[in-house]
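Below are the chains, spelled out letter by letter.
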Amino acid sequence: MSDSAPTEHVLLTPGPTPLHPRAVAALLRPMLGHMDPEVFAINDEIQADLRTMYGTAPDTFTALLSGTGSLGMEAGFANLVESGDEVLVCVNGSFGARMAEMAERYGARVRVVTAPHGQAVRVEDVAAQLSGVQMVAVVHGETSTGVLNPVPEIAQLLRGTDTLLTVDAVTTAGMQPFDMQGWGVDYAYTGAQKCLSAPPGVAPVAISERALARFAARRTPTPLWYCDFEGLRDYWSRRAYHHTVPVNLHFAFHAALRAALDEGMTVRQRRVREMGAAIQTALAPLGFSPYVQREAERLPTVLALRLPEGFDDAGIRAALRRREISVTGGLGPTAGLIWRLGLMGEAARPAPYRALMTALEDLLGERGVAARFDEALAGVPV
Ligand SMILES: *Cc1c(COP(=O)(O)O)cnc(C)c1O
């Protein structure tokens, strides 16, 4: 083991993302107790900023769970589903499948709406299965395939009904349009290490009044004590002890979320778009093409590119890793077929992707890749 400073690493994965410099600085603050007034003041600011990020109603309850995005997913089913409930889950990739598995473990009778890999779930298919359903659950941006599901349209179907809508906002909230109140979402969650470039370990959630009412009407307590909505409210609203929150991760998350709101959601959305377009312009002549056929179904924050014919996926990625560049391939059925380039948070910046372009030129013996990339970004404020 060496204790010399680590080399700068180029992290282009679809989460975790490179830490925001303000998150790094905040992480190193001196420790405070989880019941310290200063920590509660920071928590209040986090709650207010999360309302802005998710676009909630003014008084919507928001909080950080002490765990990663999957805990955000699990807490939704654990608190809002009871044995025998009918839950409709949209499954067009591995995170949708994870939702279905969790709902089942909490006693739901799960109906599934599927779509072929690389395609969005169809709104008509959801509409056809709605009768008698207590909750619909959908992944907004399916990281495993780079597909954006039609959340506003699915939400529209549920208007005026008492079916709850749970949305996995892990690859969207903070970087893509998200309008919890306007759309009518009841439970949303993400992970700190995705669009906000904070360290992994806290999961920001937002819970609608309707969802809290459903929770309050449970016949039995949730089996997941750690994330019981009432326990969350004890700590986040009543400032009572529930469990020791990871205070240093709260510091870092607070700074990263503030940085995102300071930059502005529209600027961030444009940054993702411009970066995605420049990467495609640079790589298209090498034979990379979009994996998701319909343009409207492409998730801007996870760029899924089909690999060129005969491309040595594992070999090239290993060679890139030796140069301190991490790129993620496909998952399950898309393994060896695609790359999934992360454009969340601080990954969506020119410098790390220029490093990839330069390395690919070298490894593939190609010219002009980095020049095409720079040209596509010329004059673009990213
Ligand atoms: C990463 C991810 C998760 C799971 O988050 P973890 O932090 O790995 O637990 C859930 N849903 C989506 C869409 C993701 O991309």
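Keep in mind it's a predicted model, so treat the numbers as computed, not measured.

Draft legend 1. View of the overall build of the protein chain. Counting its regular elements, the protein chain contains 14 helices and 15 strands. Taking 21 Å as the expected radius of gyration for a compact globule of 382 residues, we find that the protein chain reaches 21 Å, a close match to that expectation. For the protein chain, the spread of C-alpha atoms along the principal axes amounts to about 65 × 55 × 40 Å. Taking all 382 residues of the protein chain together, 55% fall into the buried category.

Draft legend 2. Representation of the site of the ligand within the structure. For the ligand, the full set of nearby residues is Thr68, Gly69, Ser70, Phe95, Val139, Gly141, Thr143, Asp168, Val170, Thr171, Gln193 and Lys194. At 3.0 Å from an oxygen atom of the ligand is found a main-chain nitrogen or oxygen belonging to glycine 69. At 2.7 Å from a nitrogen atom of the ligand is found a side-chain nitrogen or oxygen belonging to aspartate 168. Considering the ligand on its own, with 380 Å² of exposed area, one finds that the protein chains cover 89% of that surface. In terms of residue class, the shell around the ligand is built from three nonpolar, seven polar and two charged.

Draft legend 3. Here's a closer look at the sheet that holds strand β9 (residues 187-189). Sheet architecture is open: seven strands sit in the order β2-β10-β9-β8-β5-β3-β4, paired in mixed fashion. Looking along the sheet, the strands with just one partner apiece sit at the ends: β2 (61-65) and β4 (109-114). Averaged over all pairs of adjacent strands, the angle between their axes in this sheet comes to 15°, without regard to strand direction. Two strands pair when backbone bridges link them, and β9 and strand β10 (residues 203-207) are joined in this way by three bridges, in the antiparallel orientation.

Draft legend 4. Just the UniProt feature "domain: Aminotransferase class V" (unreviewed entry) in the protein chain, in detail. Under the local residue numbering, the UniProt record ascribes the feature "domain: Aminotransferase class V" (unreviewed entry) to residues 32-331. A helix fraction of 40% and a strand fraction of 17% characterise residues 32-331, whose end C-alpha atoms lie 40 Å from each other.

Rules of the game
Residues numbered from 1 in each chain as written. Predicted model: local features only at pLDDT ≥ 70, side-chain atom pairs only at ≥ 80, totals over all residues. Heavy atoms only, no water. Helix = DSSP H or I, 4+ residues; strand = E, 2+ residues; numbered from the N terminus. Rg over C-alpha atoms; globule rule 2.2 N^0.38 Å. Buried < 20%, exposed > 50% of the residue type's maximum accessible area, 1.4 Å probe, protein only. Near = heavy atom within 4 Å. Polar contact = N/O pair within 3.5 Å; in protein donor to acceptor, adjacent residues only side chain to side chain. Areas by Shrake-Rupley, 256 points an atom, 1.4 Å probe, with all protein chains shown as cover. Nonpolar A, V, L, I, M, F, W, Y, C, P; charged D, E, K, R; others polar. Pairing = 2+ DSSP bridges. Axes fitted to C-alpha atoms, helices over the stretch in contact; angles between N-to-C directions. UniProt positions renumbered as here; feature names shortened; annotations may be inferred.

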